[in-house]
Amino acid sequence: MSSQKAIQLSLGAARSLSTGLARLQAASAQGMLVASQGAAQVSEKPVMVAAQAPILGATPSSIASGIRAQAVSPLSLHKQAVLPNSVVQERAMSVLAASKMVGAGCATIALAGVGAGLGVMFGSLINGAARNPNIAKQLVGYALLGFALTESIALFSLLVVFLILFA
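If you check an unreviewed UniProt entry, the protein chain appears there as V-ATPase proteolipid subunit C-like domain-containing protein from Volvox africanus. Turning to the protein chain, the UniProt annotation filed under Sequence similarities (unreviewed entry) states: "Belongs to the ATPase C chain family." Taken verbatim from the UniProt record of the protein chain, the Subcellular location (unreviewed entry) comment is "Membrane".

So this is what it looks like as structure tokens:
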């Protein structure tokens, strides 16, 4: 019983859609369009007429094509604003500045790796010197060489940051 009610409701909805479409087609076919003219804008509104032309023998594809014909493109509703050239250049410059800041932030990620590497390296130096105090001087030489090479990565990263920001 509920499926029959659902079918009856859907048929009622289809009938109301087809009568509304018929009214709209009749209004546009009779040329009953009212133009309201503002200061610089002209808009056309269809007038609904009382005459009803039922669509009894229409196929679903003809109803759908009628709906598509009456549909308004979303692009036609939105009017492109014409901006002065200075505003466009100002926006482009602000996007460029924001891009530079994001790029500089991404380039500084290497500094986190340098900090972690230095911590591991000097922790290992302390551990090695505590296990074998006889070679502590040799381990300090190796640690200073590793420190210099690791810091060079940080300096290259900062060089890239300054190139992004100021070049």
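Okay, back to it.
S.K.: How should I be thinking about the overall build of the protein chain in this particular structure?
M.R.: Across its full length, the protein chain holds six helices and two strands. The order of helices and strands in the protein chain, counted from the N terminus, is α-β-β-α-α-α-α-α. Within the protein chain, the fraction of its 167 residues that count as buried is 12%. Considering only contacts within the protein chain whose residues lie at least 6 apart along the sequence, 65% involve residues at least 24 apart. Of the roughly 12,700 Å² of accessible surface on the protein chain, 68% is carried by carbon and sulfur atoms.

S.K.: For this particular structure, what's the right way to read helix H6 (residues 136-166)?
M.R.: Since the α-helix packs 3.6 residues into each turn, any two residues three or four apart lie on the same face. Spanning 31 residues, H6 covers 44 Å between terminal C-alpha atoms, matching the ideal 45 Å at 1.5 Å per step. Those residues of H6 not exposed but buried are Ala143, Gly146, Thr150, Ala154, Ser157 and Val161. Contact partners of the buried residues in H6: helix H4 (85-107) and helix H5 (109-131).

S.K.: Can you walk me through the UniProt feature "transmembrane region" (unreviewed entry) in the protein chain in this structure?
M.R.: The positions that UniProt labels "transmembrane region" (unreviewed entry) are, in the present scheme, residues 101-122 and 142-166. The annotated region residues 101-122 carries 95% helix and 0% strand content, and the separation between its end C-alpha atoms amounts to 33 Å. The annotated region residues 142-166 carries 100% helix and 0% strand content, and the separation between its end C-alpha atoms amounts to 36 Å.

S.K.: When you look at the packing of aromatic side chains in this model, what are you seeing that I'm missing?
M.R.: The description of an aromatic ring pair uses the distance of the two centres, along with the angle that the planes make with each other. As enumerated under the stated definition, the model contains two aromatic pairs in all. Here the aromatic rings of Phe122 and Phe147 are separated by 5.9 Å at their centres, their planes lie at 55 degrees, and the arrangement is tilted. With Phe122 in helix H5 and Phe147 in helix H6, this pair connects stretches of sequence that are 25 residues apart. A residue is classified by how much of its surface remains accessible, and Phe122, at 29% relative accessible area, is partly exposed. Centroid distance Phe162 to Phe166: 6.2 Å. Interplanar angle 25 degrees. Geometry classified as stacked. Placement of the pair is Phe162 and Phe166 together in helix H6, with a separation of four residues, close to one helical turn. For Phe166, a relative accessible area of 67% translates into the label exposed.

S.K.: Honestly, the side chain of Ser157 in this entry has me stumped. Any pointers?
M.R.: Examined against the element boundaries, Ser157 turns out to sit in helix H6. On the basis of relative accessible area, Ser157 is assigned to the buried category, the value being 6%.

S.K.: For this particular structure, what's the right way to read the packing of H5 against H6?
M.R.: The contact between H5 and H6 brings their axes to 9 Å, and the two run at 175 degrees. Between H5 and H6, the angle falls in the class roughly antiparallel. Residues Ala110, Leu111, Val114, Leu118, Met121, Phe122, Leu125, Gly128 and Ala129 of H5 touch H6, and the partners they reach there are Ala136, Leu139, Val140, Ala143, Gly146, Phe147, Thr150, Glu151, Ile153, Ala154, Ser157 and Leu158. Broken down by class, the residue content of the contact of H5 with H6 amounts to 16 nonpolar, four polar and one charged.

S.K.: What is the right way to look at the confidence of the model for the protein chain in this model?
M.R.: Should the pLDDT be low somewhere, the predicted coordinates at that spot are not to be read in detail. Looking at the protein chain as a whole, the pLDDT averages 76, with 62% of positions reaching at least 70. pLDDT under 50 marks residues 32-43. Its contacts with residues more than four places away, or in other chains, come to 16 contacts.

S.K.: Just to check I follow, could you spell out a nonpolar patch on the surface for this structure?
M.R.: A grouping of Leu111, Leu155, Leu158, Phe162 and Phe166 is seen on the molecular surface, where their side chains present a nonpolar patch of about 510 Å² in accessible area. Tallying contributions element by element places H6 first for the nonpolar patch, with four residues. Take Phe162: its relative accessible area is 49%, and that puts it in the partly exposed class.

Reading the values: the criteria
- Residues numbered from 1 in each chain as written.
- Predicted model: local features only at pLDDT ≥ 70, side-chain atom pairs only at ≥ 80, totals over all residues.
- Heavy atoms only, no water.
- UniProt positions renumbered as here; feature names shortened; annotations may be inferred.
- Helix = DSSP H or I, 4+ residues; strand = E, 2+ residues; numbered from the N terminus.
- Buried < 20%, exposed > 50% of the residue type's maximum accessible area, 1.4 Å probe, protein only.
- Contact = heavy atoms within 4.5 Å.
- Areas by Shrake-Rupley, 256 points an atom, 1.4 Å probe, with all protein chains shown as cover.
- Expected span 1.5 Å × (residues − 1).
- Phe/Tyr/Trp six-rings, centres within 6.5 Å; stacked < 30°, edge-to-face > 60°.
- Axes fitted to C-alpha atoms, helices over the stretch in contact; angles between N-to-C directions.
- Parallel < 35°, antiparallel > 145°, perpendicular 65-115°, else oblique.
- Nonpolar A, V, L, I, M, F, W, Y, C, P; charged D, E, K, R; others polar.
- pLDDT = per-residue confidence, 0-100.
- Patch = residues over 30% accessible without salt bridge, like charges linked within 9 Å, V, L, I, M, F, W, Y side chains within 5 Å.
- Salt bridge = Lys/Arg side-chain N within 4 Å of Asp/Glu carboxyl O.

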